[in-house]
Amino acid sequence: MNLWIVPAADNASLDNIPKSLSEPVPSSVLEKHGLTNGSHAWGARRGPANDNKFEDMRAGDICIFYTQTSRSDGSKKFNWAGRVSQYVCSSDLSQDIWGSPNFEHVYLLDEVWPISISLDEYASATGYQAAAPKGIFRASDDNLERIGNIEAWARGRPNTARNSRPREIPTNMMQPILDFIAARGIDFSLVTLSRFYASLRAKPFVILAGNSGTGKSRLVRLFAEACGATVENGGFHLVAVRPDWNDSGDLLGHLDLENQFRPGQIFNALLIAHAEPKRPVFVCLDEMNLARVEHYFSDFLSKIESRRRTDDGRVITDPVIHAEELTSKLLERVPDRLSPVLQELQSTGRGIDLPPNLLIVGTVNMDETTHAFSRKVLDRAHTLEIEAGPLSTPPSSAKVTPPTPQSIDLRATFLTASDMMPDAENASKLQRVSKLLDELNDTLAEASLQVAYRTRDEAAAFFIHATAAGLSNEAAEHAIVMQKILPRVQGSSPRLARVLQELLKRFNPGAALDADDPTKLSAQLLALRRDAVNPALVRKLAGMWLVYIEEGFTSFWIA
């Protein structure tokens, strides 16, 4: 039996060790990778310093984890111990557990328990010098001889603090939706679904970007069906955007020459969402940038920002269709089953607002036939880039019955930062996101790209929902940068290149980049862009910087 000393080398590790060791790996993830042993996991990056160490790891070995008790007092000690059940080298497993492929040295633990061992106590027991450990390492034979029974020694120093006990968590809530979609022959990752779910919860307007054929509209349709929203029951509406749209009349409706209201393409979706407030209603605007979004969608953009709570807790907006437009003959132009809800809305005299269960998702391709987005649009949406999976993986020929659709509440919980403050955990996450954005603003200021309160509130809401859905803190922070920061970055100013350089340094500090030699730098950036092991954020930043070097212009949409 070996004893492994596992230190937290940076702030991310200080956060992630307690999270990983207090939350078991979902059984669905273990089953997906054919693993039967192990309830918890920890991982390390590939590299010369780590690769040869894990050859010596064996089932039954004991790990003790050197972490920080709290950020407030700064005290550091060994706070966790665990028993190794299996070691696996897999970027796919790392991705499914932590939302990042970078921690390929994955070792599963069949048991973890809280301990309290200071550096001095460890040094006294083993003869090791009382200094903070650097990098994972195996205790020497001399150390082990002094300890004697390793497991008894590790178990003899328990940490009885109430908040240090491992806790059970439910299986990733996205797994049933992943299974539902996979049964239809489409392969989206848990990370993609978790980001999509959290984006919808943060703001009922999401943009899905990507090359043609990557499955953007299919994702919306299948996700909706997995939540019980179909074309047949009125829960899913696909709207093909036309290039000649220049106002909201085609979507919402308009008054004709007789001053009678003619319903637009999503008028019925509005009524259905009002009639069934507990059920999500999806509207997919396919190819939404074939027309200028800020022209035909401006009413929505403004009304979404008017969301507020009434005294009884309901979420309302300013009306998108005013009371005077709800003319007498309108009842003749809607299906009979929607007449009661229309009459009720007419009777209020307020008009029709955007119900909180109405979710609008736009799919976009960026090519010469489409219009670019204004910053007004991008600031009011979460933008997710959808990438195609490996084409060499053939679909299964087996007929699989899709699981039962899930009942998932997709209505917004947080409209502003104030909604997060009453809960201590949510307030802490708000503070974490605020700190991240303040630091990013220091970098973005060079190109006048800073974000403000709206982005803070939406990013914090996303972070809360994304981590609840299973994303790690790091993966959720990366997603915030990808969805709320980078889509706004475009232009030819040298300041943009410096911003991208600083962002890449922050999120990939170990990369060797020769910024003084354009030829070498292009090769280095191309290597970062192509390496699928790198996080999506690192690959996108490298791609944007590379495009700038080669073309003198860059954009999130072309990199």
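Below: a short report on this structure. (Residues numbered from 1 in each chain as written. Predicted model: local features only at pLDDT ≥ 70, side-chain atom pairs only at ≥ 80, totals over all residues. Heavy atoms only, no water.)

Description of the overall build of the protein
In terms of helices and strands, the protein carries 22 helices and 17 strands. Out of the 559 residues in the protein, the part that is buried amounts to 53%. Accessible surface computed for the protein: about 25200 Å², of which carbon and sulfur atoms make up 47%. (Helix = DSSP H or I, 4+ residues; strand = E, 2+ residues; numbered from the N terminus. Buried < 20%, exposed > 50% of the residue type's maximum accessible area, 1.4 Å probe, protein only. Areas by Shrake-Rupley, 256 points an atom, 1.4 Å probe, with all protein chains shown as cover.)

Some points on the pattern of salt bridges
In the structure shown here, the tally under the stated rule is 24 salt bridges. Where Asp256 meets Arg262, a salt bridge forms, and the shortest distance between an N and an O atom there is 3.0 Å. Among the ionic pairs, Lys484 bridges to Glu458, the shortest N-O distance being 2.7 Å. Separated by 26 residues along the polypeptide, Lys484 in helix H19 (residues 473–485) and Glu458 in helix H18 (residues 453–468) bring together distant segments of the chain. Residue class for Glu458 comes out buried when judged on its relative accessible area of 5%. (Salt bridge = Lys/Arg side-chain N within 4 Å of Asp/Glu carboxyl O.)

Brief notes about the packing of helix H17 (residues 424–444) against H19
Put simply, H17 and H19 touch, their axes get as near as 12 Å, and they point 45° apart. Between H17 and H19, the interaxial angle falls into the category oblique. Once H17 is placed against H19, the crossing between them reads as right-handed. In this structure, H17 uses Arg432, Val433, Leu436, Leu437, Leu440 and Leu444 to contact H19, whose residues at the interface are Asn473, Glu477, Ile480, Val481 and Ile485. A per-class count over the contact of H17 with H19 returns 8 nonpolar, 1 polar and 2 charged. (Axes fitted to C-alpha atoms, helices over the stretch in contact; angles between N-to-C directions. Parallel < 35°, antiparallel > 145°, perpendicular 65-115°, else oblique. Left-handed = near helix turned anticlockwise from the far one by under 90°. Contact = heavy atoms within 4.5 Å. Nonpolar A, V, L, I, M, F, W, Y, C, P; charged D, E, K, R; others polar.)

Describing empty space enclosed by the protein
For the coordinates displayed, the defined rule picks out 3 cavities of 30 Å³ or more. Taken together, Pro204, Ile304, Arg307, Val315, Thr317, Leu354, Pro355, Pro356, Leu358, Ile360, Ala412 and Leu415 make up the full set of residues lining the largest cavity. A class-by-class count of the residues in the lining of the largest cavity yields 10 nonpolar, 1 polar and 1 charged. (1 Å grid on protein atoms, 1.4 Å probe; cavity = no way out; pocket = protein on both sides within 12 Å on 5 of 7 lines; lining within 4 Å. Points joined across faces, edges and corners; volume = space filled by probe spheres on them.)

Here we look at the packing of aromatic side chains
In this description, a pair of aromatic rings is defined by centroid distance and the angle of the planes. With the rule as written, the count across this model stands at 9 aromatic pairs. Between Phe297 and Phe300, the ring centres sit 4.7 Å apart and the planes meet at 10°, which makes this aromatic pair stacked. For Phe297, a relative accessible area of 0% gives the class buried. Among the residues examined, Phe300 registers a relative accessible area of 0% and is labelled buried. (Phe/Tyr/Trp six-rings, centres within 6.5 Å; stacked < 30°, edge-to-face > 60°.)

Brief notes about the environment of Pro101
Topologically, Pro101 is positioned in the loop between helix H4 (91–98) and strand E5 (105–117). Sequence spacing of Pro101 and Val533 is 432 residues, and the spatial spacing of their C-alpha atoms is 5.8 Å. Dropping the residues within four chain positions of it, Pro101 is found in contact with Ser91, Ser94, Gln95, Ala532, Val533 and Asn534.

Considerations on the pairing of strand E7 (residues 205–209)
Walk down a regular strand and you will see the side chains alternate between the two sheet faces. With respect to burial, E7 is a largely interior element, 5 of its 5 residues being buried. Alternating positions in E7 separate into two faces, Phe205, Ile207 and Ala209 on one and Val206 and Leu208 on the other, with burial throughout. In this sheet, strand E15 (residues 382–385) lies alongside E7 in parallel orientation, the contact comprising 4 bridges. The residue of E15 that forms the bridge with Ala209 is Glu385. (Pairing = 2+ DSSP bridges.)

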